[in-house]
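# An overview of the molecular structure
The residues making up each chain are set out below.
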Amino acid sequence: MRLNKFLSMVICVTLFSLLYVYQQTEILRFAYAEQKQHAVFQVLLDKNSILRYNIEKNCSLVNIGGSVSNHSDFQMPDRYQLVRLVPSKEGLTFAQGSANKETLLSRVFGIKRQAEARTINP
C-alpha cells in the first residue's frame, strides 16, 4: 500500500510539473509573438509618420509657392473682378444682375456683403 501511494504521488507531482513547464513555454511563445507584432506595428507607425511628413511638406505654402513661381506662364490679373457662381441644374453658372445690392442695414452700419482679397505686389 505504501508503494502504491508513493507511485501515485510521484505521478501526480510529475503531471503538475509537466503542466507548469508547458504553461511557462506557452507564456514565452506568446510573449515572442507579441514582441514580433509590436515590431511590425512600430515599422508601420514609422512609415505612417514619414508619409504624413511628406504630405505636409508637399502641401506647405512654401512648396506650393515655389512650384507656382517656377512656371513662366503664371501671371496675376491686371484688374480685379468678383464673380458669383450660382448652382443650377446644368452645374455652376454666372449670376445675372447687379452684384452691388445694398440693403438698409449695410448702408446704416457699413457692412459689406462680400469680401474681396487682393494680392500684394512687391
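Placed above this text is the structure.
In this text, all values refer to a predicted model and were calculated from it rather than measured experimentally.

## A short note on the overall build of the chain
Of regular secondary structure, the chain possesses three helices and two strands. Counting from the amino terminus, helix and strand elements in the chain follow one another as α-α-β-β-α. Here the chain, with 122 residues, has 2% of them falling under the buried criterion. About 12500 Å² of surface is accessible on the chain, with carbon and sulfur atoms providing 62% of the total.

## What about the packing of aromatic side chains?
If you walk through the whole model with that rule in mind, you get zero aromatic pairs. The side chain of R29 reaches across the aromatic face of F30, ending 4.7 Å from its centre.

## Focus on the pattern of salt bridges
Tallied over the full model, the rule gives one salt bridge. Among the ionic pairs, R29 bridges to E26, the shortest N-O distance being 2.7 Å. Of this pair, R29 and E26 both sit in helix 1 (residues 2–58), three residues apart, which is roughly one turn of that helix. R29 sits in the partly exposed class, given a relative accessible area of 47%.

The rules we used
- Residues numbered from 1 in each chain as written.
- Predicted model: local features only at pLDDT ≥ 70, side-chain atom pairs only at ≥ 80, totals over all residues.
- Heavy atoms only, no water.
- Helix = DSSP H or I, 4+ residues; strand = E, 2+ residues; numbered from the N terminus.
- Buried < 20%, exposed > 50% of the residue type's maximum accessible area, 1.4 Å probe, protein only.
- Areas by Shrake-Rupley, 256 points an atom, 1.4 Å probe, with all protein chains shown as cover.
- Phe/Tyr/Trp six-rings, centres within 6.5 Å; stacked < 30°, edge-to-face > 60°.
- Lys NZ or Arg CZ within 6 Å of the ring centre and 35° of its normal.
- Salt bridge = Lys/Arg side-chain N within 4 Å of Asp/Glu carboxyl O.

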